[in-house]
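Below, each chain spelled out in residue letters.
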Amino acid sequence: MKNSVLFTALMLAGGLFVSSCGKEEAEATPPTLYDRLGKTEGVAKIVDGLIANVGAETATPNSVMLRSHKPMLDAINGVNGQAPTDPTRLQRLRNHVVDQLGEATGGPLTYKGKSMLAAHTGMAVTNNEFAVWRTQLEKSLNDNKVSEADKAALYVIIDKMHDDVVNH
Ligand code: HEM
C-alpha cells in the first residue's frame, strides 16, 4: 500500500515535470511570423504572387503602377524590339524582397539591398501607388491563405516603411 502511494506520487510528479518542461519549451520558442508564413518557401510564394499581381496591374489600361515600374520593365523586356539591357533585374528585386521580408518577419535571411529610402528615391511614389501596391500584396496573402492575424502582423512591418517609400 505504502509503495503504491509512493509510486502514484512519483508518477504524478513526473507527469507534472514533463508537462511543465514541455510548456516551458513551447513558451520559449513560439513560432515567428516567418515560421507562420511557411518559412522561406512560404515568404517566396507570397513575394512571387505580389510580383505577378504588380506585373498584371501594370498591364491594365490606366495602370497606376506602370509609371514607377516602366524603367524596370523596359530594362527586362527591351524597348522597340531592342535586347533587354538588364534581364535579371526583376529576379534580383524578387530575391531582395524575399530576403527583406524573411528577415523582417524574424527569419534567418539577411537583406542585402538598398535602404527603402534609397531604393525609392527619384520614383516619386504617391500614396495612391503605395495603396495599390498594398492591394496587390493583400491579394497574394489571400491567395496563400495567410490568416487575418498574420496579415495584420505583416502590415505593421510594411506600413512602417511607407514614409521611406512615398514622396521621394
Ligand atoms: C513597403 C512597401 C515596399 C517594399 C517593402 C518595397 C521593397 C523594395 C525592395 C526591397 C526593392 C529593391 C531594392 C534593391 O534592390 O536594393 C524595391 C525596389 C523598387 N520598388 Fe519597392 N517596395 C515597396 C513599395 C513600392 C511601391 C509602392 C512601388 C511603386 C508603386 C515600388 C516600386 C519599386 C521599384 C520600381 C523598384 C526598383 C526596381 C528596379 O529598378 O530595379 N515599391 N522595393
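Here the structure is a predicted model, which is why all the values come from computation and not from measurement.

(A) Region of the structure containing the overall build of the protein chain. Per the secondary structure count, the protein chain includes nine helices and zero strands. Starting at the N terminus, the α and β elements of the protein chain follow one another as α-α-α-α-α-α-α-α-α. Within the protein chain, the proportion of its 168 residues that are buried is 14%. Long-range contacts, defined here as pairs at least 24 residues apart, represent 67% of the contacts in the protein chain between residues at least 6 apart.

(B) Quick peek at the site of the ligand. Taken together, 21 residues lie around the ligand, and Gly-113, Lys-114, Ala-119, Trp-133 and Met-161 are the ones closest in. Broken down by secondary-structure element, the contributors of at least two residues to the shell around the ligand are helix H4 (66–77), helix H5 (89–104), helix H6 (116–120) and helix H7 (127–143). Considering every element that reaches the shell around the ligand, the biggest residue donor is H5, with five residues. Tallied by class, residues from the shell around the ligand come to 12 nonpolar, six polar and three charged.

(C) How the structure looks around helix H3 (residues 39–58). In this model, H3 (20 residues) spans 29 Å end to end at C-alpha, consistent with the 28 Å of a helix rising 1.5 Å per residue. Those residues of H3 not exposed but buried are Val-43, Ile-46, Val-47, Leu-50, Asn-53 and Val-54. In a view along the axis of H3, the buried residues occupy a sector of 125 degrees, so they form one face of it. Opposite its buried face, H3 presents the exposed residues Glu-41 and Ala-56, each directed more than 90 degrees away. Check the buried side of H3 and you find it contacts helix H2 (33–36), H5 and H7.

(D) Region of interest: the nonpolar core. Grouped together as the largest cluster of nonpolar side chains are 15 residues, with contacts concentrated most on Leu-37, Val-43, Ile-46, Val-47, Leu-50 and Trp-133. If you list the elements that add at least two residues to this core, you get H3, H5 and H7. Here this core gets five residues from one element, more than from any other, and that element is H3. In this view, Ile-46 contacts Leu-37, Ser-140, Leu-141 and Asn-144; residues no more than four positions away in its chain are not counted.

Here is what the cut-offs are and how they apply
- Residues numbered from 1 in each chain as written.
- Predicted model: local features only at pLDDT ≥ 70, side-chain atom pairs only at ≥ 80, totals over all residues.
- Helix = DSSP H or I, 4+ residues; strand = E, 2+ residues; numbered from the N terminus.
- Buried ≥ 20, exposed ≤ 12 C-beta atoms within 10 Å, placed from the backbone.
- Contact = placed C-beta atoms within 7 Å.
- Near = placed C-beta within 6 Å.
- Nonpolar A, V, L, I, M, F, W, Y, C, P; charged D, E, K, R; others polar.
- Expected span 1.5 Å × (residues − 1).
- Arc of directions from axis to C-beta.
- Core = buried A, V, L, I, M, F, W, Y, C linked by C-beta atoms within 7 Å.

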